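# Topology and contacts: notes
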Amino acid sequence: MTVLPDDGLSLAAEFPDATHEQWHRLVEGVLRKSGKDVSGTAAEEALSTTLEDGLITRPLYTARDAAPDAGLPGFAPFVRGSVPEGSTPGGWDVRQRYASADPARTNEAVLTDLENGVTSLWLTAGPAGLPVSGLERALDGVYLDLVPLALDAGDQTEPAARELLRLYAAAGVADDAVRGTLGADPLGHKARTGEKVTSFEGVVDLARLCGERHPGLRALTVDALPYHEAGASAAQELGASLATGVEYLRALHDAGLGVGKAFAQLEFRYAATADQFLTIAKLRAARRLWARVAEVSGVPAAGAQRQHAVTSPVMMTRRDPWVNMLRTTVACLAAGVGGANAVTVLPFDHELGLPDAFARRIARNTSTILLEESHLARVIDPAGGSWYVERLTDELAHAAWEFFKEIERADGQAAALRSGLVGDRIAATWAERKKKLARRREPITGVSEFPLLAERTVEREPAPAGHTGGLPRVRRDEAYEELRARSDAHLDTTGARPKVFIAALGPAAAHTARATFASNLFMAGGVEAVHDPVSVDAESAADAFAASGATVACVCSSDALYAEQADAVARALKSAGALRVFLAGRGEFTDIDEYVFAGCDAVAVLTSTLDRMGVA
């Protein structure tokens, strides 16, 4: 048996340090094999990914990718967290959302959730949720001195807040034991509804009341979800929230609140997506930006931004909603790692209506597993020190600050919303993202990739109608959902879905990859792919197509077999009545009508195909 020396063992001691240039040369060799003759930094750029806001993710980060000092947890600039021991002593606050208009149903859900891991409540009140008069019934049996509440009542915020404070007093809760936020957000409400903001007077009164009597209660929520749900990029979401927060600070200060007390009245709400690194960086950058506002306001110690992260509604799909459980798990992890104080995991059926008990249970247990089984909250700022995360945080903070300055030059958030500046910038961002979604450059599992047409649609009781009239509300799956809805209507009317015949040439080894690609592409639009028989040729293609019940066909095989058979097979398919013959791949063939390939505009292809099939 070999015994190690007492002075230890350095496994890398006998190996020289690798240089960045050596890595470049290795990358160059790999790229040449794929037909790209580039060298040096161009080789690194070839492997880089361009994100929104002009950000670029590079393939390699090293110690020379410097970022500003992130400081220590709990101290300015608060990049590493708002308090030294982490978000809260036990991890983050598990905050469940309730949007039912039925007080009894809400109460049943609330009591069940509180008994099973939920630690605070997010109540939607007013036209989009509970009637204000139903708050008492909804909270019956809840220990109000133990459970923080977050209100979201839109233009009903003042009466809802007064009613909630009445319930606290009736329950004998001491003023300094009240915890949560009253959720006043007139600019966020304007963004959702387009309604004019005439005054912050009511908000100021609530803030003054909280400051004087309820030190654990915040009056305002700077909700960035209206911008995220309109299609904003991460930097635009941060910039808009920063401008909103600054406008509220000005209003509170002008009304006589001290600067420090004004900062204490704000909580921020951000979206957490399945892009885990961008979410982590966004939450860290948000704290840094708000700390900068506090610094220039003369109260640097007040800049510890309190954050409520919500799993993104934009990323949720209506088809194959079970996949949303995976998306929200990643988003919840990112929110926790990013240092959010409270996290809401939206149920997987959120976009279908009111969640059932199973969906709520999975949502709350997502946080529980990450906290109790994965021990995620035992490490402060687990992403800190990563060259990639630190650099991304810095770059995102700068991009957000530029958008914030643009809004400030337009005379602030209220004026920028009124003039359309914010809406126009976000619309341009979403237009570019829609192109990526249409071309499946940004895949949506279960929708644009690997759809399952045979699965029955999940049905839920409709949720109360949300606000309309302001910024639009977008969803990643919207274009494909429209196509699938057309297919569903066709199925209901005719008893069958529109079909495409997969005309595969040669052995399985030659056609499987492209046949799978084509099948997935057409099924993303609700077009059933018929691949029977396994292989056809010019002599058998016409009979096989006629037997399939399809009206269009797609030829799938290798480039070599295309050269030999594609035109002849296409002619046979057309002779059998094919309205259009596609080919999976690229080329120039006389009898092929259209080509489908990785990066093609799938939405345009599927839309025109359904049009030709007569699918209304």
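First, a word on scope: everything that follows refers to the structure included in this document.

What counts, and at which threshold
Residues numbered from 1 in each chain as written. Predicted model: local features only at pLDDT ≥ 70, side-chain atom pairs only at ≥ 80, totals over all residues. Heavy atoms only, no water. Buried < 20%, exposed > 50% of the residue type's maximum accessible area, 1.4 Å probe, protein only. Helix = DSSP H or I, 4+ residues; strand = E, 2+ residues; numbered from the N terminus. Right-handed = clockwise from strand over helix to strand, strands pointing away. Pairing = 2+ DSSP bridges. Contact = heavy atoms within 4.5 Å. Axes fitted to C-alpha atoms, helices over the stretch in contact; angles between N-to-C directions. Phe/Tyr/Trp six-rings, centres within 6.5 Å; stacked < 30°, edge-to-face > 60°. Lys NZ or Arg CZ within 6 Å of the ring centre and 35° of its normal. Salt bridge = Lys/Arg side-chain N within 4 Å of Asp/Glu carboxyl O. Core = buried A, V, L, I, M, F, W, Y, C linked by side-chain atoms within 4.5 Å. Arc of directions from axis to C-beta.

### Notes on the pairing of strand β14 (residues 581–584)
Of the two faces of β14, the one lined by Val581 and Leu583 and the one lined by Phe582 and Ala584 are each fully buried. In this fold, the crossover linking strand β13 (residues 552–556) to β14 by way of helix α20 (residues 559–575) has right-handed handedness. Sheet topology note: the β14/strand β15 (residues 594–596) ladder contains three bridges and is parallel. Looking at β15, one finds that Ala584 is bridged to Val596.

### So, the environment of Ile502
As for its position among the elements, Ile502 is in strand β11 (residues 499–504). For Ile502 and Ser548, which are 46 residues apart along the polypeptide, the C-alpha to C-alpha distance reads 9.5 Å. Once residues within four sequence positions are removed from consideration, Ile502 is found in contact with Ala515, Ala518, Ser519, Ala529, Val530, His531, Cys554 and Cys556.

### Structural notes on the sheet that holds β14
The strand order β12-β11-β13-β14-β15 describes an open sheet built from five strands, whose pairing is parallel. At either end of the open sheet lies a strand with only one pairing partner, and these are β12 (528–530) and β15. Pairwise comparison of adjacent strand axes, ignoring direction, gives a mean angle of 30° for this sheet. With five bridges joining them, β11 and β13 adopt parallel strand pairing. Paired with Val500 across the two strands is Val552, which belongs to β13. Against the sheet, helix α19 (residues 541–548) contacts β11, β12 and β13, and its axis sits at roughly 155° relative to β11. Contacts from α20 reach β11, β13 and β14, with the element oriented near 155° to β14.

### Points about unusual backbone geometry
Backbone torsion omega between Ala76 and Pro77 reads 10°, so that peptide bond is classified as cis. As for its placement among the helices and strands, Pro77 is situated in the loop between β2 (56–57) and β3 (93–98). Here Asp532 and Pro533 are connected by a cis peptide whose omega angle stands at 10°. With respect to the helices and strands, Pro533 occurs in the loop between β12 and α19. Although it is not a glycine, Asp320 sits at a positive phi angle of roughly 50°.

### Points about the packing of aromatic side chains
Following the criterion strictly, the structure yields 12 aromatic pairs and no others. Here the aromatic rings of Tyr562 and Phe589 are separated by 6.2 Å at their centres, their planes lie at 75°, and the arrangement is edge-to-face. Of this pair, Tyr562 sits in helix α20 while Phe589 sits in the loop between β14 and β15, placing them 27 residues apart in sequence. For the pair Tyr562 and Phe589, one class covers both residues: buried. Positioned over the ring face of Trp122 is Arg97, at 5.5 Å from the centre of the ring. In this structure, Arg586 packs its charged tip against the face of Phe597, placed 3.7 Å from the ring centre.

### Regarding the pattern of salt bridges
Per the stated rule, a full pass over the model turns up 47 salt bridges. We note a salt bridge from Glu237 to Lys282, for which the minimum N-O separation is 2.8 Å. Placement of the pair is Glu237 in helix α9 (residues 234–254) and Lys282 in helix α11 (residues 276–296), with a sequence separation of 45 residues. Across the pair, Lys282 and Glu237 agree in class, each one buried.

### A closer look at the sheet that holds strand β4 (residues 120–124)
On the basis of which strands lie adjacent, the closed barrel formed by eight strands has the order β3-β4-β5-β6-β7-β8-β9-β10 and parallel pairing. Across the sheet, the mean angle separating the axes of adjacent strands is 25° when strand polarity is ignored. By the bridge criterion, three bridges tie strand β6 (residues 180–184) to strand β7 (residues 217–223) in an arrangement that is parallel. Looking at β7, one finds that Thr181 is bridged to Arg218. Across the face of the sheet, α11 comes into contact with β8 (266–272) and β9 (307–311) while running at roughly 160° to β8.

### As for the side chain of Asp488
If you trace the backbone, Asp488 turns up in helix α17 (residues 478–494). The residues contacting Asp488, other than those within four sequence positions of it, are Arg319, Thr457 and Arg497.

### Looking at the pairing of β6
Across the five residues of β6, five count as buried, placing the element largely inside the fold. After leaving strand β5 (residues 149–152), the chain enters helix α5 (residues 157–170) and then returns to the sheet as β6, a path that is right-handed.

### Some remarks on the nonpolar core
In terms of nonpolar packing, the biggest core is built from 109 residues, with Leu121, Leu139, Leu220, Tyr227, Leu266 and Trp290 touching the most fellow members. Sequence-distant contacts of Leu139, defined by excluding residues within four places in its chain, comprise Asn107, Leu121, Leu123, Leu144, Leu149, Leu164 and Leu167.

### Thoughts on the side chain of Glu390
In this structure, Glu390 sits in helix α14 (residues 387–409). Apart from the residues lying within four places of it in its own chain, the contact partners of Glu390 are Ala67, Ala70, Arg284, Gly384 and Gly385.

### Considerations on α19
All buried positions along α19 are accounted for by Ala541, Ala542, Ala544, Phe545 and Ser548. On an axial view of α19, the arc spanned by its buried residues comes to 165°, and they lie on one face. Among the exposed residues of α19, those pointing more than 90 degrees away from its buried face are Asp543, Ala546 and Ala547. Buried positions along α19 lie against β11, β12, β13 and α20. Of the residues flanking the end of α19, it is Gly549, one or two places downstream, whose phi is positive at about 80°.

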